[in-house]
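What follows is each chain in one-letter form.
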Amino acid sequence: MEFKNEYQQQIPQSKYECLLFDVDDTLYPLSSGLSAECTKNIREYMVKKLGIEKTKVPEMCAQLYKDYGTTMAGLRALGYDFDHDDYHSFVHGRLPYEYLKPDPVLKALLHSLPIRKVIFSNANEAHVAEVLRRLGLEDCFEDVICFESLNPKNQDSPKSSVTGYDDVSKRAVVLPESPIICKPFENAFQQAFKMAKITPHKTLFFDDSIRNIQTAKLTGLDTVLVGFSQRKKGVDYALESIHNIKEALPELWESVKKSKGGRYSRKVGIETHVKA
Ligand SMILES: [Mg+2]
């Protein structure tokens, strides 16, 4: 019993037991140019593989992304049928990953955080693994939730019901449902919580998409909008860059200071879906 009491004293009660991170434009900046290349590839896929008229593609691509969180989910909602692996290898498999350089500063920050860290991305497993490898962050996360985790093969997923906004009538409209599960829809968050054993009110979520952040807030997560300096509705913290995490949220490191010299360890051994 003596040991138990000593141990309890050495583990301070942190507000958060998990940090949940998006990948693209969150762990590296939009200015890397990788996302712009990704958009080019998506547009090319729509023209070459789906036969959509070239002049209609840019607007359609942007609208579907806005309505469904990913263009892919929007294309499936419109009835386009295509192999998901083929789409991902065309869109992500040809990306110039050399745009991303190792980020030892972020690596050190993440390693120094005494809280469990999990990835939650709409992208496919191979893309997430390659991005983490290029950034040198492959050993920073204990679990990865990605496209394949949310959309397992040969399984009928519950559909994401989608409410859009008609710019002309200024009214909310019900859009066709997509068979793809992805952020910003609540079912994607609920599935991620279940898979990674996440307690939303003890978790801090980092993402560059305001729509993802707003759903996150509704599910009980605390939120950090990355890539913006201004807070908006549903945003608890706004960071211009993920590198500013320590200045904006020093309390995340509090438990390190308090436990210095103790036998404190919070490493959680759970299954990792991606071996980067
Ligand atoms: Mg993102």
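Everything in this summary refers to the structure shown in the same document. (Residues numbered from 1 in each chain as written. Predicted model: local features only at pLDDT ≥ 70, side-chain atom pairs only at ≥ 80, totals over all residues.)

### A look at the sheet that holds strand β6 (residues 203-207)
Then, in step 1: One open sheet accounts for six strands, arranged β3-β2-β1-β6-β7-β8; its pairing is parallel. The open sheet is flanked by β3 (143-145) and β8 (237-239), the only strands paired with a single partner. Direction aside, neighbouring strands of the sheet carry axes that sit 20° apart on average.
Then, in step 2: When strand β7 (residues 222-226) meets β8, the two strands line up parallel, connected through three bridges. Residue Val224 lies in a different strand from β8, and its bridge partner there is Tyr237.
Then, in step 3: In this fold helix α10 (residues 210-218) packs onto β6 and β7, with an angle of close to 175° to the strand it touches most, β7. (Pairing = 2+ DSSP bridges. Helix = DSSP H or I, 4+ residues; strand = E, 2+ residues; numbered from the N terminus. Axes fitted to C-alpha atoms, helices over the stretch in contact; angles between N-to-C directions. Contact = placed C-beta atoms within 7 Å.)

### Some words on the nonpolar core
Then, in step 1: Core analysis: the biggest nonpolar cluster contains 62 residues, and Leu20, Phe21, Val118, Ile119, Val128, Ile145 and Ala192 have the highest contact counts within it.
Then, in step 2: Those residues in contact with Ile119 that lie beyond four places of it in its chain are Phe21, Val23, Val128, Phe141, Val144 and Ile145. (Core = buried A, V, L, I, M, F, W, Y, C linked by C-beta atoms within 7 Å. Buried ≥ 20, exposed ≤ 12 C-beta atoms within 10 Å, placed from the backbone.)

### A look at unusual backbone geometry
Then, in step 1: Cis geometry marks the peptide bond from Lys183 to Pro184; its omega dihedral reads 15°.
Then, in step 2: Positionally, Pro184 belongs in the loop between β5 (171-178) and α9 (186-195).
Then, in step 3: The phi dihedral of Asp25 falls on the positive side, at around 65°, and the residue is not glycine.
Then, in step 4: Positive phi, normally seen in glycine, also occurs at Lys197, with a value near 50°.

### Some details on the environment of Asp67
Then, in step 1: Residue placement: Asp67 occurs in helix α3 (residues 57-68).
Then, in step 2: What makes Asp67 buried here is the crowd of 20 C-beta atoms within 10 Å.
Then, in step 3: For the pair Asp67 and Arg211, spaced 144 residues apart in sequence, the C-alpha separation works out to 9.9 Å.

### Digging into helix α2 (residues 34-48)
Then, in step 1: With 15 residues, α2 should reach 21 Å at 1.5 Å per residue; the first-to-last C-alpha distance of 21 Å fits that figure.
Then, in step 2: For α2, the full list of buried residues reads Leu34, Ile42, Tyr45 and Met46. Axial view of α2: buried residues confined to an arc of 120°, hence all on one face. The exposed set on the far side of α2, more than 90 degrees from its buried face, consists of Ala36 and Lys48. (Expected span 1.5 Å × (residues − 1). Arc of directions from axis to C-beta.)

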